Amino acid sequence: MRPIDPDLVFASPRKLPRADDLRGRVVVLDLAFAADGMGGPGFAKITGRFLKQLGPRLARWVDHHDHELHAAYRSDPRFVLHTKAEHGACPEIITPEMVAQTGPVDTIVAHFDLDGLYAAAKWILGGHEPYPGADDDARAVDTRIGVPSPRAQLIDKALRVHYDDPVLKQRIVHWLCRGMRPGVEQDAIHAAAADFDQRAFQAERLAERFVVEGDVALLTVPADAPAFDKTELLLSGQRRATVAVVVDGVTVNIAASFESGLNFITLLGLGGGMPTRVSVPVQRLDDVLRKIRGALRERGGA
């Protein structure tokens, strides 16, 4: 079977690959600029350094996450940058015209979630969806608004449990690009998705510990907690209050519905990322709760 070109590399905003390890011209999909307000290195030491190392080899950067530095790159046609409010997911931004204008690329660096993988598949397919409704599925999964198709639910479950498995991500993109036929790739996706149910069950058990105050559902995960799905736990919190806050070790995970109108990036001074789901160091917990509850009181949510 003909191998998929270009090379596929999966990353996160705060964990980018070494530019020297990437082949030829590079397109970056669904990766937010690193924010400066989340603790640790920020834009200059992560995104900025990566851009400098790539130099003219960067062919295109397509993203839909909010960031205060987007404006600094508007004049560079290689950057197609939107906010989450403008585009709920990345694949819908990619068009056949964009892919054609960009020209051949040797490497795709994509976010490791469903949104990023669907964007990579769409790029490989020349700006066309791998199946009708794929863009809508990516938006439904990334915003948690609406019901994605059974196919997208399967992939989402597989990735939420095995987000650190690069081979599975390769198989998912290849499966999407090759017509979603039965075989080894499909079997691997089904096997990975099957692991999700147990973690979702543990998340629902943990959700019983949520304490609701001021329209915020707060939960501190016990040190001996079994493996659980964090997204499912946050969604359970959102069914109890407008904002879910899960303290997991040294990290405070915060989430609200995309339709809530809340923007944690601006509220908490984070600089960039997804407006309705962010993480901050545990040292900021008291400050975070104070600001969120204050914002909810102002909007009449408590």
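Residues numbered from 1 in each chain as written. Predicted model: local features only at pLDDT ≥ 70, side-chain atom pairs only at ≥ 80, totals over all residues. Heavy atoms only, no water.

A.B. asks: Hey, could you go over the overall build of the protein for me, with residue numbers and the actual values?
C.D. replies: The helix and strand tally for the protein stands at 11 helices and 12 strands. A compact globule built from 302 residues should have a C-alpha radius of gyration of about 19 Å, and the protein, at 19 Å, falls within 12% of that. Among the 302 residues that make up the protein, the fraction classed as buried is 54%. For the protein, long-range pairs separated by at least 24 residues make up 64% of all intrachain contacts whose partners lie at least 6 apart in sequence. If you sum the accessible surface of the protein, you get close to 13600 Å²; carbon and sulfur atoms cover 52% of it. Computed over 37 positive and 40 negative side-chain charges, the separation of the two mean positions in the protein equals 3 Å. (Helix = DSSP H or I, 4+ residues; strand = E, 2+ residues; numbered from the N terminus. Rg over C-alpha atoms; globule rule 2.2 N^0.38 Å. Buried < 20%, exposed > 50% of the residue type's maximum accessible area, 1.4 Å probe, protein only. Contact = heavy atoms within 4.5 Å. Areas by Shrake-Rupley, 256 points an atom, 1.4 Å probe, with all protein chains shown as cover. Lys, Arg positive; Asp, Glu negative; His and termini not counted. Charge placed at Lys NZ, Arg CZ, Asp CG, Glu CD.)

A.B. asks: An account of the sheet that holds strand S7 (residues 211–213) is requested, with residue identities and associated values reported.
C.D. replies: Spatially, S7-S8-S9-S10-S12 is the arrangement adopted by the five strands of the open sheet, whose pairing is mixed. Strands at the two margins of the open sheet, each flanked by one partner only, are S7 and strand S12 (277–281). Put simply, the sheet's adjacent strands are angled 20° from each other on average, direction ignored. Here strand S8 (residues 216–220) runs beside strand S9 (residues 243–248); their pairing, made up of five bridges, is parallel. (Pairing = 2+ DSSP bridges. Axes fitted to C-alpha atoms, helices over the stretch in contact; angles between N-to-C directions.)

A.B. asks: Residues and numbers for helix H1 (residues 44–54), please.
C.D. replies: For an α-helix, the turn length of 3.6 residues means that residues three or four places apart are oriented alike. Restricting attention to buried positions, one finds in H1 the residues Ile46, Thr47, Gly48, Phe50, Leu51 and Leu54. Projected down its long axis, H1 carries its buried residues within an arc of 165°, all on one side. Across H1 from its buried face, at more than 90 degrees, point the exposed residues Ala44, Lys45 and Lys52. Elements that come into contact with the buried residues of H1 comprise strand S2 (26–29), strand S3 (58–63) and strand S5 (79–81). (Arc of directions from axis to C-beta.)

A.B. asks: Pulling in residues and values, what's your account of the pairing of S9?
C.D. replies: Of all the six residues making up S9, five are buried; the element is thus mostly covered by neighbouring parts of the structure. In this fold, the crossover linking S8 to S9 by way of helix H9 (residues 230–238) has right-handed handedness. (Right-handed = clockwise from strand over helix to strand, strands pointing away.)

A.B. asks: Explain unusual backbone geometry to me, and be specific about the residues and the numbers.
C.D. replies: Negative phi values dominate among residues other than glycine, just as trans dominates among peptide bonds. The backbone of Asp30 sits at a positive phi, close to 65°, despite the residue not being glycine. On the basis of relative accessibility, which here comes to 0%, the residue Asp30 falls in the buried class. Even without being glycine, Asp215 reaches a positive phi, approximately 65°. Within the secondary structure, Asp215 is located in the loop between S7 and S8.

A.B. asks: Help me get a handle on the nonpolar core, residues and values and all.
C.D. replies: In this structure, Leu29, Val62, Tyr118, Trp123, Ile155 and Leu176 are the most contacted members of the largest nonpolar core, which totals 42 residues. Take this core: its biggest share by element is seven residues, from helix H3 (residues 114–124). When neighbours within four sequence positions are excluded, Trp123 is seen to be in contact with Val27, Leu29, Arg60, Val62, Ile94, Met98, Val99, Thr102, Val105 and Ile108. (Core = buried A, V, L, I, M, F, W, Y, C linked by side-chain atoms within 4.5 Å.)

A.B. asks: Describe in detail the pattern of salt bridges, supporting the description with residues and values.
C.D. replies: One pass over the full model with this rule turns up 20 salt bridges. Among the ionic pairs, Arg78 bridges to Asp76, the shortest N-O distance being 2.8 Å. Between Arg144 and Asp156 there is a salt bridge; the shortest N-O distance is 3.0 Å. Taken as a pair, Arg144 in the loop between helix H4 (134–143) and helix H5 (150–161) and Asp156 in helix H5 lie far apart in primary sequence, 12 residues in all. The exposure class of Arg144 is partly exposed, given its relative accessible area of 35%. Here the residues in one salt-bridge network are Arg144, Asp156, Arg160, Asp229 and Glu232, joined through shared partners. (Salt bridge = Lys/Arg side-chain N within 4 Å of Asp/Glu carboxyl O.)

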